Amino acid sequence: MRSGFKHSTRGYSLVEMLVVLAIIGVLSLISVPAFMSFRRAADFKTGLGNFTNDLRNARAAAISNSFDVRVEIQTGSIGLKRYRFFSSRDNGTTWQPLQLRGTHGATPQQTGNQKEFAFSVWADQAIGLPDVGGNGEWDVIYHPNGAMTVDPATAVNGNAIIVLATDWKNITYNRYTITLAPSGQFTTLGTHV
């Protein structure tokens, strides 16, 4: 018994192949930029998450070890991406390098007390924080009770602020403002400039 359908052995015509290629091209023109923006936004959030976790770890170290912990942050441009950890057992008179999980020295292979912001993320500015060393690098200082030092002369509504930035423009938020309360807790807010 034969079916009423004819089977073609020709394959696909050139026009059909060009239509399929055109559809694939249009879909990739739409989806690739959207995917790149999504990926960059995720990378920026990862950089923010790494830094805020390091702030939490510094605060936890201060509480659990009963000494002051300082996070010294370079601010200003993408070329300045480092932050370092220090501890003081004499209420901030002298500071010693503090090794926390993931810290390293001048190179990642050396032991030390510093980290870098991930991806194209940097600390653009800091407000309401002291500059302990007088070197233009702002300091988040946590105390054994979990509280932190805020500079009342420059604080905004009693809080300190750190602004993380990225040079990527085609993402939802290219700035995150971290508002640090004197109690040691903080919040983040994304903006686009």
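Higher on the page you've got the structure.
My aim in this report is to walk through the structure given alongside it, one point at a time. Sequence order sets the numbering: in each chain, residues are counted from 1 along the sequence as written. Restriction of local features to residues with pLDDT of at least 70 applies here, the model being predicted, together with a cutoff of 80 or more for giving and counting side-chain atom pairs; totals for whole chains, interfaces and linings are based on all residues. Side-chain descriptors were evaluated using all non-hydrogen atoms of the structure, hydrogens and water having been removed beforehand.

1. Overview of a nonpolar patch on the surface
Test applied: Within this analysis, patches are made of residues with over 30% relative accessible area and no salt bridge. Like charges are joined at 9 Å or less; nonpolar side chains (Val, Leu, Ile, Met, Phe, Trp, Tyr) at 5 Å or less. Methods summary: accessible areas were calculated by the Shrake-Rupley approach with a probe of 1.4 Å, and residue burial reflects only the protein chains presented. Only one rule defines a salt bridge in this text: a Lys or Arg side-chain nitrogen within 4 Å of an Asp or Glu carboxyl oxygen. Per the convention used, a helix needs a DSSP run of H or I reaching at least four residues, while a strand needs a run of E reaching at least two, with both numbered from the N terminus. The buried label applies to any residue whose accessible area, calculated with a 1.4 Å probe on protein chains only, is under 20% of its type's maximum; exposed applies above 50%, and partly exposed to all values in between.
Together, Leu14, Leu18, Val20, Leu21 and Ile24 make up an exposed nonpolar region whose accessible area comes to about 510 Å². Position of valine 20 relative to the elements: it lies in helix α1 (residues 14-65). Overall, the relative accessible area of 44% leaves valine 20 in the partly exposed class.

2. Concerning the pattern of salt bridges
Counted under the stated rule, the structure contains 6 salt bridges. A salt bridge links arginine 70 to glutamate 72; its shortest N-O distance comes to 3.4 Å. The pair formed by arginine 70 and glutamate 72 is uniform in burial state, with each residue classed as buried. One salt bridge in this structure joins glutamate 137 and arginine 82, with 3.6 Å as the shortest N-O distance.

3. Topic: the side chain of glutamate 137
Operational definition: The definition of a polar contact used here is a pair of N or O atoms within 3.5 Å, where within protein one atom must be able to donate a hydrogen and the other to accept one, and adjacent residues in sequence count solely through side-chain atom pairs. Contacts are assigned to residue pairs that have any heavy atoms within 4.5 Å of one another.
In this fold, glutamate 137 is placed in the loop between β5 (121-127) and β6 (138-142). Assessed through its relative accessible area of 11%, glutamate 137 is described here as buried. A polar atom in the side chain of glutamate 137 sits 3.2 Å from the side chain of glutamine 74. If near-sequence neighbours (up to four positions away) are discounted, glutamate 137 is found in contact with Glu72, Ile73, Gln74, Arg82, Arg84, Pro130 and Asp131.

4. Concerning the pairing of strand β8 (residues 175-180)
We count it as follows: Whether two strands pair depends on DSSP finding at least two bridges between them.
Two strands pair when backbone bridges link them, and strand β7 (residues 160-166) and β8 are joined in this way by 6 bridges, in the antiparallel orientation. Directly across from leucine 164, in β8, lies its bridge partner tyrosine 176. Taking the residues between adjacent antiparallel strands as the criterion, β8 and strand β9 (residues 186-191) are bridged by 5 residues, where glycine 184 takes a positive phi near 105°.

5. Considerations on unusual backbone geometry
The phi torsion of most residues other than glycine is negative, and most of the peptide bonds are trans. One non-glycine residue, asparagine 91, adopts positive backbone phi at about 55°. Within the element layout of this structure, asparagine 91 appears in the loop between β2 (82-88) and β3 (96-97). For asparagine 91, a relative accessible area of 72% gives the class exposed. We note that phenylalanine 119 has phi near 60°; this positive angle belongs to a residue other than glycine. You can see phenylalanine 119 is positioned in the loop between β4 (114-116) and β5.

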